[in-house]
Amino acid sequence: MFKALGDPTRRHLLDRLFERDGRTLTELESELEMTRFGVMKHLRLLEEAGLVVARRQGREKLHFLNPVPIRQIHDRWISKYRAHEVSALLDLKTSLEDTA
Amino acid sequence: MTTMTETTTQVYQLYIRATPEQVWDAITNPETIARYFHGAQLDPGPLEVGASRRTWSPDRSRLWGDNTILECDPPRRFVHTWRSLYDDELAAEDESRVSWEIEPARAGTSKLTLVHDKLEGAPKTAASVRGWSFILSNLKTLLETGEAFPAEE
């Protein structure tokens, strides 16, 4: 999973799915300066890591962001008490960066 | 806060060290559900298409859900309607749909996929049910260790 996340193109693909879930390869490919083959390879790595789930819907294959593995990482290293502090710090960071 | 554009289909997938029958039991047995789903109390009832699934708060004072079974194919596929009755705003939205798919996977594990879709008329519900990640992680922990996460405050 960390290998899958350790690549800017793959993080970009996850960002695109986070914005809008359930996209086709063609749609994702149109937003990247990369060959269809390259995007397929990255998507396969993301699928193997469990971060993306591909499902057939009619004639199309749609790609969905699977939040469960990220939740499991969260649960492993962030206790429920510390979650509030972390989230407050992230809110602070976001608001400071938005006003900057 | 980062906001997420709501989509009308959400997919959650995980592997659980359990047989498909054990996973099926965990998603249909009221006693097990109470242990990983915020203490929810599910009324016992027939597992068949058209039957209703009523869920109550832990003290049974509030109706949390009154859903209908749409498909029932043990231990593979279980589909039911969804409406969040625990909150008036969510309850006013359109009904959506939850599908549980269980497949045997390698090394004695099962692959569980939860698809929550038909959320077109339920944008607030779509935002709120992102908590499925937590519920499913809790279900996995319960099946693998016999213990769910500590009760929430």
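Residues numbered from 1 in each chain as written. Chains lettered and ligands numbered in written order. Predicted model: local features only at pLDDT ≥ 70, side-chain atom pairs only at ≥ 80, totals over all residues.

Enquirer: I would appreciate a short explanation of the overall build of chain B in the present structure.
Expert: A tally of regular secondary structure across chain B gives 5 helices and 7 strands. The order of α-helices and β-strands along chain B, N terminus first, is β-α-α-β-β-β-β-α-β-β-α-α. Scaling as 2.2 N^0.38, a compact globule of 153 residues should have a C-alpha radius of gyration of about 15 Å, and chain B matches this with 15 Å. Each of the three principal axes of chain B carries a C-alpha extent, and together these read 40 × 35 × 35 Å. (Helix = DSSP H or I, 4+ residues; strand = E, 2+ residues; numbered from the N terminus. Rg over C-alpha atoms; globule rule 2.2 N^0.38 Å.)

Enquirer: Got a minute to help me understand the overall build of chain A in this structure?
Expert: Of regular secondary structure, chain A possesses 6 helices and 2 strands. When the helices and strands of chain A are listed from N to C terminus, the series reads α-α-α-α-β-β-α-α. Its C-alpha radius of gyration of 16 Å places chain A more than 25% over the 13 Å reference for a compact globule of 100 residues. Each principal axis of the C-alpha atoms in chain A carries an extent, and together these give about 45 × 35 × 25 Å.

Enquirer: What is the right way to read the confidence of the model for chain B from this model?
Expert: All names here are of chain B. When pLDDT is averaged along chain B, the result is 91; 93% of the residues meet or exceed 70. Between the elements of chain B, mean pLDDT differs from a low of 90, seen in helix H4 (residues 123-128), to a high of 98, seen in strand E5 (residues 77-82). Predicted confidence for residues 1-6 stays below pLDDT 50, and this span has 9 contacts to residues more than four positions away or in other chains. For this predicted complex, the interface score ipTM comes out at 0.72, alongside a pTM of 0.84. (pLDDT = per-residue confidence, 0-100. Contact = placed C-beta atoms within 7 Å.)

Enquirer: I tried to follow the environment of B:Glu21 on my own but got confused; where do I start?
Expert: If you trace the backbone, B:Glu21 turns up in helix H1 (residues 20-28). It is 9.0 Å that separates the C-alpha atoms of B:Glu21 and B:Ile102, two residues lying 81 residues apart in sequence.

Enquirer: What is the right way to look at the nonpolar core in this model?
Expert: The biggest cluster of nonpolar side chains holds 28 residues, and the ones touching the most others in it are A:Val52, B:Ile16, B:Val23, B:Leu112, B:Leu136 and B:Leu143. Here this core takes 4 residues from strand E1 (residues 10-16) of chain B, the largest share from any one element. Beyond its immediate chain neighbours, meaning those up to four positions away, A:Val52 contacts A:Leu17, A:Leu43, A:Leu46, A:Glu47, A:His63, A:Phe64, A:Leu65 and A:Asn66. (Core = buried A, V, L, I, M, F, W, Y, C linked by C-beta atoms within 7 Å. Buried ≥ 20, exposed ≤ 12 C-beta atoms within 10 Å, placed from the backbone.)

Enquirer: I'm lost on the environment of A:Asp7 in this one. Help?
Expert: With respect to the helices and strands, the residue A:Asp7 is situated in the loop between helix H1 (2-5) and helix H2 (8-19). Spatially, the C-alpha atoms of A:Asp7 and A:His42 are 9.2 Å apart, while their sequence positions differ by 35 residues.

Enquirer: Any chance you could explain H2(A) here in plain terms?
Expert: It helps to recall that an α-helix has 3.6 residues per turn; residues three or four apart then point in one direction. Residue and element names in this part refer to chain A. Look at H2: 16 Å from first C-alpha to last across 12 residues, which is about the 16 Å you get at 1.5 Å a residue. Residues of H2 that are buried include every one of Arg10, Leu13 and Leu17, and no others. End-on view of H2: buried residues confined to an arc of 55°, all on one side of the axis. Exposed residues pointing more than 90 degrees away from the buried face of H2 are listed as Pro8, Asp15 and Glu19. Where H2 is buried, its residues meet H1, helix H3 (25-29), helix H4 (36-48), strand E1 (52-57) and strand E2 (60-65). (Expected span 1.5 Å × (residues − 1). Arc of directions from axis to C-beta.)

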